[in-house]
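Residue strings, one per chain:
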Amino acid sequence: MEHPQRVDELSPSGTPQSAAAAPLAAAAPPAVAATSLPPLPNLPASDVQFLRPQDPHYADLLPAANKLTQLAPALRAVCKTEHAVAVMVDWVRSNGLNFAVRCGGHSYEGLSQSTDVAIDVRGLQQITVDKASNIVTAGSGVSLFELYSALAAQGLALQAGSCPTVGISGHLTGGGHGLLARSHGLTCDGLQQATIVDAQARTLQADASSEPDLYWACRGGGGGSFGIATEFRISVFPLKTALVFGVSWTLSRAHAAQLFAAWQDWAPNAPSDITSIMKVGPAGNGLISMRCIGQSVGSESALRTELKHLTSLQAPSSALTVRSLGFLDAIKHFAGPLDYESILMKAKSDYVLTPLPASGIAAMMAAVAPLAPGAIALLCDSYGGKIADVAADATAFPRRAGTQYCIQYFSSWSRAADTATHRAQVARVYAAMRPFMPGASYVNYCDLDLDDYATAYWGDNLGRLVAVKQQYDPDDLFHHAQSVPLSVPDV
Ligand SMILES: Cc1cc2nc3c(=O)[nH]c(=O)nc-3n(C[C@H](O)[C@H](O)[C@H](O)COP(=O)(O)OP(=O)(O)OC[C@H]3O[C@@H](n4cnc5c(N)ncnc54)[C@H](O)[C@@H]3O)c2cc1C
């Protein structure tokens, strides 16, 4: 199994940098003591599970993917019905309480965390597959793996990310790219309808004909800005098998730059059957480790021919492997641990909108090479293909035709004492790339260091998103550190 975001894979020694050994980050004590909360809404256990710090199962639902962001709410309301979500929205609004909306808890910056109230949709777990229409109806609390498993049992598949415990809510509303992205588009591109509880606690059906602006915003506008999604209806497709591939190199800076240039030329323009990720990291002794992984829904011979763009240029240090796997096994192959992982981490991102010049690639290699193996991984997700078939203003997700790839600068570590060092390393590599980058970032790789996050995430779609925010949430009830603002920032 390999996980695109596991930095340790890039270590030539294979030394695992197990985050599991890390001490639990202290979850901040609730700012609102559970005892000083107003009386809780009168809801039966079939609608909601209330969890306060003294409750036996309180700790079970606490972990956040990024341990650095984990907070302990005075109240977690695990909603099992849309009615419960509506009642909770009404309750937090009428009592003026701070709250966050949580699904899978994979927000890199903890935008689903609160010390006061967490409205948690993980009780919304139903999944219904309609094989006649190839539509899945999923409660907004399911994880990607739960969805993949239900679909695979019916011979169906969904295009979404590789981490099994990511929640559908944050992932889909922010876009969602994975190893079927070039063949089938982003996760948000399959959305047919979202059920949303708005700031007035009304239930809205957002689709192409009803609440079309809200439907538009749900596809790339990110989570936590317009209301609470309770259900998604998503188009899926038959897929029995997929080819998974991987090939690695350990190279000098100059050779690594040559190979990266070849990947950059090839990957966004390859046949749309093929989606690849190029991982770049330090290999020690000033060398660069590169690994190209991916999936294809085309033929093996065509894939092998295409990969010669890379393998004929530089001799791999570990030979190309290509395997045909059933859809769920292909997911597991890249998924990493299926159990919820909570790690210490930092990430930043860039969209490359025109190919990097040679000087930009050289700067990347120069910034990475001196670092210790495992210090950082640059994970480059190829775009193009079906992602580019959707117009840039057709959904709130703006990075369409012309977008080459997304770079994620990712680091995870196991000792809390190393946090400052790792964050500084990520910041230094990111800084080295500033002269070559257009200032576009991925909302699902949220980053509190961004000066103007709204422009970085939504570019030319920001104005319409602001108008949707004004229409559906004029009092900014659904607010977090990087929610859609009520006006276009004057930067
Ligand atoms: C290990 C790991 C691997 C990842 N891999 C990929 C990948 O392969 N591809 C990719 O595109 N991204 C990937 N991501 C990023 C992931 O898509 C985002 O972090 C996503 O937003 C997580 O969604 P969530 O529901 O798990 O997170 P949460 O933290 O629960 O929510 C994220 C945001 O959505 C809001 N939200 C949650 N539920 C709702 C709801 N029901 N209604 C409205 N708003 C809601 C929250 O308030 C928050 O602002 C990965 C992240 C991690 C940590």
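Nothing here was measured: the structure is a model prediction, and the numbers come from that model. (Residues numbered from 1 in each chain as written. Predicted model: local features only at pLDDT ≥ 70, side-chain atom pairs only at ≥ 80, totals over all residues. Heavy atoms only, no water.)

Asks: What exactly am I supposed to notice about the pattern of salt bridges here?
Replies: Think of it this way: side chains of opposite charge can pair up when their charged atoms draw near. According to the stated counting rule, one finds 17 salt bridges in the structure shown. With a closest N to O distance of 2.8 Å, Glu-109 and Lys-346 form a salt bridge. Of this pair, Glu-109 sits in the loop between strand E3 (99–102) and strand E4 (117–120) while Lys-346 is found in strand E16 (residues 344–352), placing the two residues 237 residues apart along the sequence. A relative accessible area of 4% places Lys-346 in the buried class. Salt-bridge contacts for Asp-447 lead to Lys-346; the nearest nitrogen and oxygen are separated by 2.9 Å. Of the two residues, Asp-447 is situated in the loop between helix H10 (419–432) and helix H11 (453–458) and Lys-346 in strand E16; the sequence distance between them amounts to 101 residues. Residues Asp-447 and Lys-346 agree in their burial class; the two are buried. What emerges from the salt-bridge pattern is a single network uniting Glu-109, Lys-346, Lys-348, Asp-447 and Asp-449. (Salt bridge = Lys/Arg side-chain N within 4 Å of Asp/Glu carboxyl O. Helix = DSSP H or I, 4+ residues; strand = E, 2+ residues; numbered from the N terminus. Buried < 20%, exposed > 50% of the residue type's maximum accessible area, 1.4 Å probe, protein only.)

Asks: Would you mind going over the site of the ligand with me for this structure?
Replies: Inspection of the region around the ligand gives 33 residues, with Val-101, Cys-103, Ser-112, His-177 and Tyr-442 positioned closest. Here Ser-112 contributes a side-chain N or O atom positioned 2.6 Å from an oxygen atom of the ligand. At 2.6 Å from an oxygen atom of the ligand is found a side-chain nitrogen or oxygen belonging to Tyr-442. With the chains in place, 95% of the 970 Å² that the ligand exposes on its own is no longer accessible. Take the shell around the ligand: its biggest share by element is three residues, from helix H3 (residues 168–174). (Near = heavy atom within 4 Å. Polar contact = N/O pair within 3.5 Å; in protein donor to acceptor, adjacent residues only side chain to side chain. Areas by Shrake-Rupley, 256 points an atom, 1.4 Å probe, with all protein chains shown as cover.)

Asks: I would appreciate a short explanation of the state of the cysteines in the present structure.
Replies: As used here, a disulfide is simply a covalent bond connecting the sulfur atoms of two cysteines. In the structure shown here, the tally under the stated rule is zero disulfides. Free of any disulfide, Cys-188 has its nearest neighbouring cysteine sulfur in Cys-218, separated by 10 Å. Summary of cysteine pairing: Cys-292 is not part of a disulfide, and the nearest cysteine sulfur, belonging to Cys-380, is at 10 Å. (Disulfide = S-S within 2.5 Å.)

Asks: I would appreciate a short explanation of the packing of helix H2 (residues 144–152) against helix H8 (residues 327–335) in the present structure.
Replies: In a packed pair of helices, the relevant descriptors are the angle between the two axes and the axis-to-axis distance. It is the contact of H2 with H8, at a shortest axis distance of 9 Å, that shows an interaxial angle of 155°. The pairing of H2 with H8 is recorded here as roughly antiparallel in orientation. Mapping the contact onto sequence places Phe-145, Tyr-148, Ser-149 and Ala-152 in H2 and Phe-327, Leu-328, Ile-331 and Lys-332 in H8. Along the lines of polarity and charge, the residues of the contact of H2 with H8 split into six nonpolar, one polar and one charged. (Axes fitted to C-alpha atoms, helices over the stretch in contact; angles between N-to-C directions. Parallel < 35°, antiparallel > 145°, perpendicular 65-115°, else oblique. Contact = heavy atoms within 4.5 Å. Nonpolar A, V, L, I, M, F, W, Y, C, P; charged D, E, K, R; others polar.)

Asks: How should I be thinking about the sheet that holds strand E1 (residues 48–51) in this particular structure?
Replies: Paired through backbone hydrogen bonds, the strands of a sheet run either parallel or antiparallel to each other. Pairing in this open sheet of four strands is mixed, and the strands run E1-E2-E4-E3 from one edge to the other. Because the sheet does not close on itself, it has two edges, and the strands there are E1 and E3. Looking at each pair of strands side by side, their axes are set apart by 20° on average, direction ignored. Bridging between E1 and strand E2 (residues 75–79) involves four bridges; their strand directions are antiparallel. If you follow Phe-50 over to E2, its bridge partner there is Ala-77. Across the sheet, helix H1 (residues 82–94) touches E1, E2, E3 and E4, and the angle it forms with E2 is around 150°. (Pairing = 2+ DSSP bridges.)

Asks: Mind showing me how you'd approach the environment of Leu-344 here?
Replies: Within the element layout of this structure, Leu-344 appears in strand E16. Among the residues examined, Leu-344 registers a relative accessible area of 1% and is labelled buried. Considered as a pair, Leu-344 and Ala-65 are 279 residues apart in the sequence and their alpha carbons are 8.4 Å apart.

Asks: Whenever I open this one, the environment of Cys-163 confuses me. Can you help?
Replies: With respect to the helices and strands, Cys-163 occurs in the loop between strand E7 (156–157) and H3. Take Cys-163: its relative accessible area is 18%, and that puts it in the buried class. Each C-alpha atom, one on Cys-163 and one on Gly-178, is 9.2 Å from the other, the two residues being 15 residues apart in sequence.

Asks: Help me out: how do you make sense of the domain arrangement of the protein in this one?
Replies: When the parts come together, some accessible area is lost, and that loss is often what is quoted as the size of the interface. Taken domain by domain, the protein comprises domain 1 (7–16 + 241–454), domain 2 (44–123) and domain 3 (127–238 + 458–472). Each of domain 1 and domain 3 has a C-alpha centre, and these two points are 25 Å apart. Residue-level contacts link 48 residues of domain 1 with 39 residues of domain 3. Surface buried jointly by domain 1 and domain 3 totals about 3300 Å² across both partners, of which 62% is contributed by carbon and sulfur atoms. Among the residues of domain 1 in contact with domain 3, Phe-327, Ala-396 and Ala-454 are the three that bury the most area, contributing 19% of the side total. Counting every contact that joins domain 1 to domain 3 gives one salt bridge. For the salt bridge of Asp-189 with Arg-400, the shortest nitrogen-to-oxygen distance reads 2.8 Å. Our count for the domain 1 to domain 3 interface comes out at 24 residue pairs in polar contact (both at pLDDT 80 or more). At the level of secondary structure, the elements contributing two or more residues to the side of domain 1 that touches domain 3 comprise strand E13 (274–284), strand E14 (287–296), H8, strand E17 (377–382) and H11. (Domains from an automatic or database assignment. Buried area = accessible area lost by both parts, 1.4 Å probe.)

Asks: Is there a simple way to explain the packing of helix H6 (residues 253–266) against helix H9 (residues 358–368) in this structure?
Replies: Where H6 contacts H9, the axes come no closer than 9 Å and their chain directions differ by 130°. Put simply, H6 runs oblique to H9. H6 and H9 meet at a crossing whose hand is right-handed. When H6 is examined against H9, the residues Arg-253, Ala-256, Ala-257, Phe-260, Ala-261 and Gln-264 are found in contact with a partner set consisting of Ile-361, Met-364, Met-365 and Ala-366. (Left-handed = near helix turned anticlockwise from the far one by under 90°.)

Asks: Explain the sheet that holds E16 to me, please; I cannot follow it from the model alone.
Replies: The strand order across the open sheet built from seven strands is E15-E12-E14-E13-E17-E18-E16, with neighbouring strands paired in antiparallel fashion. Strands at the two margins of the open sheet, each flanked by one partner only, are strand E15 (318–326) and E16. Each strand axis lies, on average, 15° off the axis of its neighbour in the sheet, ignoring direction. Taken together, the six bridges between E17 and strand E18 (residues 405–413) define a ladder with antiparallel strand orientation. The residue bridging Cys-380 from the neighbouring strand is Ile-407, located in E18. Taken strand by strand, helix H7 (residues 300–311) contacts strand E12 (241–251), E13, E14 and E15, and its axis lies near 15° from that of E12.

Asks: I'm lost on H8 in this one. Help?
Replies: An α-helical segment advances 3.6 residues per turn. Residues three or four places apart therefore align on the same side. Among all positions of H8, only Phe-327, Ala-330, Ile-331, His-333, Phe-334 and Ala-335 are buried. Remark: Gly-336 follows H8 within two positions and exhibits a positive phi of approximately 75°.

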